Amino acid sequence: MFREYFKYYKSKWPIPDFKNVIDFRETKRRESEKEVLISRVPLNKDYVNFGLPLGVQPICNWQCYIVPKHPGLIMIRNAFTAQGQRYWMARCLKDFPKHPNRVNLNESLFSRDAIEDWWSALQQCCHKDDVKRLKNAMRWSTMGYQHNWDTKVYSEQFHSNFPKDLEKMCNFFAQILGYKTFEAQAAIVNYYPIGSTLSGHTDHSEPNQEAPLFSFSFGQTAIFLIGGLTLQVKPTALFLESGDILIMTCESRLCYHAVPRIMKARDEPWNEYITSSPSDLLKQTADRRVHKDFAQVKCNDTEFVQCSMDLTLYERVCNEAFWLPYKNYLQDSRININVRQVLNGGEETLTQ
């Protein structure tokens, strides 16, 4: 059943019918159906005035849903501002594929410079064929505990520093959802050109099978399939759009899932005109109010937290000239950041 639906939504011709794909924008129609496909979940009101990482919408603006057919699957929409989306897109393209993080680029096909700093090498390409080749070749980078695609296990041998801003951002969302002991320890950044896919699989490599998996979508839209513990279970199809956060907890994290299709987004919120940000205020107050990498400032009655973010980059993504190469990349591509905890509580290494 899973493979059948994967082939159906992957098909280039005939083009599949998307009427049965869950669209979280159409919540009123979905919630009124006989079979409840999604349900909106209110977030804890205690967090309404919680200090927000830069680029995150006030919690009262979020839309949080569960899919009753798939216990443990949570969707959060409208969590990021346009500037926040740009920041994480830029980090994924400019910084996260850099050495010592690992990437999929083959040493026999690409230069050492391209493998160690893919984005810089891409910007230096002069011929359109070279640009296309290098752009489409990049499919993943790994950070923190780096997944070994051959052995399907993690090891201390392949372990780089986990980005502090990504760690604090993920821990923030975990706290909001009640996962107070969650630690972001490993990340896979997937790069999807339109037309690419990710086949059905389960995420079972982590020793810690209890912690949630966080999946952040940016750029073009994906169809995401989530099935059951075997490939015989009929999957559910969801639209994942830019800024969406999909969280897989409990039994859902061991269910088969896949991405059979990347398609053009209905709109591009990451390209919206950005008028202002509180980052200048943060820069002015950071020297006076810093504690454990946090600087706080109040702007329009909302308290923002710097969370170890690159304030220079956060500011620069508002500049349309600086943003142009990122905009060009994203016009036909999707980025997914998949974050998970590897170690069990109380463990400091895999060798314990």
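Small disclaimer: the values here were computed from a predicted structure and weren't measured.

Counting secondary structure elements, the protein chain contains 10 helices and 17 strands. Within the protein chain, buried positions represent 53% of all 352 residues. Of the contacts formed within the protein chain by residues at least 6 apart in sequence, a portion of 75% connects residues at least 24 apart. Of the accessible surface of the protein chain, which amounts to about 17100 Å², a share of 49% is contributed by carbon and sulfur atoms.

In the numbering adopted here, UniProt assigns the feature "binding site: Fe cation" (unreviewed entry) to His-201, Asp-203 and His-257. Taken together, the annotated residues stretch across 57 residues yet fold into one region, lying no more than 8.9 Å apart by C-alpha. Tracing the chain through its elements places Asp-203 in the loop between β8 (198–201) and β9 (213–219). Residue Asp-203 is classed as buried on the basis of its relative accessible area of 10%. With residues near it in sequence (within four places) discarded, Asp-203 still touches Gln-209, Leu-213, Arg-253, Leu-254, His-257 and Arg-340. Among the secondary structure elements, His-257 is positioned in strand β13 (residues 257–263). Judged by its relative accessible area of 6%, His-257 falls in the buried class.

Another point: the side chain of Asp-23. Inspection of the secondary structure assignment puts Asp-23 in the loop between α1 (2–10) and α2 (27–32). Only 2.7 Å separates the side chain of Asp-23 from the side chain of Arg-266, close enough to count as a polar contact.

Judged by pairing direction, the sheet is antiparallel, and its four strands sit side by side in the order β8-β13-β10-β11 without closing on themselves. Pairing within the sheet leaves two strands with one partner each, and these edge strands are β8 and β11 (236–240). The mean angle between the axes of side-by-side strands here comes to 20°, regardless of whether they run parallel or antiparallel. Running at roughly 10° to β13, α1 makes contact with β8, β10 (221–226), β11 and β13 of the sheet.

Okay, the packing of helix α3 (residues 82–95) against helix α10 (residues 320–330) next. Contact geometry for α3 and α10: axes closest at 11 Å, N-to-C directions at 70°. On the basis of the axis angle, α3 is roughly perpendicular to α10. Counting all contacts with α3, which are made through Arg-86, Met-89, Ala-90, Leu-93 and Lys-94, the residues of α10 involved are Glu-320, Trp-323, Tyr-326, Tyr-329 and Leu-330. Class assignment of the residues belonging to the contact of α3 with α10 gives a composition of seven nonpolar, no polar and three charged.

Taking strand neighbours across the sheet as the criterion, the nine strands line up as β1-β3-β4-β12-β9-β17-β7-β6-β5 in an open arrangement whose pairing is antiparallel. For this open sheet the edge positions go to β1 (39–40) and β5 (102–103), each flanked by a neighbour on one side alone. Taken together, the eight bridges between strand β7 (residues 186–193) and strand β17 (residues 333–340) define a ladder with antiparallel strand orientation. Residue pairing in the sheet places Ile-188 in a bridge with Asn-338 of β17. Of the strands in this sheet, β6 (140–144), β7, β9, β12 (245–248) and β17 are in contact with helix α7 (residues 164–176), which crosses β9 at around 115°. Relative to the sheet, α10 contacts β7, β9 and β17, its axis offset from that of β17 by approximately 95°.

This paragraph deals with α7. Taking 1.5 Å per residue, 13 residues should reach 18 Å; α7 reaches 18 Å between its end C-alpha atoms and fits that length. Burial analysis of α7 places 10 of its 13 residues in the buried class, which makes it a mostly covered element. For α7, the full list of buried residues reads Asp-165, Leu-166, Lys-168, Met-169, Cys-170, Asn-171, Phe-172, Phe-173, Ala-174 and Ile-176. Count one or two residues on from α7 and you reach Gly-178, which has phi positive near 95°.

The next subject is the packing of α3 against α7. Relative to each other, α3 and α7 sit at 135°, their axes nearing to 12 Å. What the angle tells us is that α3 and α7 run oblique. As α3 packs across α7, the resulting crossing turns out to be left-handed. Residues Tyr-87, Trp-88 and Arg-91 of α3 pack against Asp-165, Leu-166 and Met-169 of α7.

Scoring rules and cut-offs
Residues numbered from 1 in each chain as written. Predicted model: local features only at pLDDT ≥ 70, side-chain atom pairs only at ≥ 80, totals over all residues. Heavy atoms only, no water. Helix = DSSP H or I, 4+ residues; strand = E, 2+ residues; numbered from the N terminus. Buried < 20%, exposed > 50% of the residue type's maximum accessible area, 1.4 Å probe, protein only. Contact = heavy atoms within 4.5 Å. Areas by Shrake-Rupley, 256 points an atom, 1.4 Å probe, with all protein chains shown as cover. UniProt positions renumbered as here; feature names shortened; annotations may be inferred. Polar contact = N/O pair within 3.5 Å; in protein donor to acceptor, adjacent residues only side chain to side chain. Pairing = 2+ DSSP bridges. Axes fitted to C-alpha atoms, helices over the stretch in contact; angles between N-to-C directions. Parallel < 35°, antiparallel > 145°, perpendicular 65-115°, else oblique. Nonpolar A, V, L, I, M, F, W, Y, C, P; charged D, E, K, R; others polar. Expected span 1.5 Å × (residues − 1). Left-handed = near helix turned anticlockwise from the far one by under 90°.

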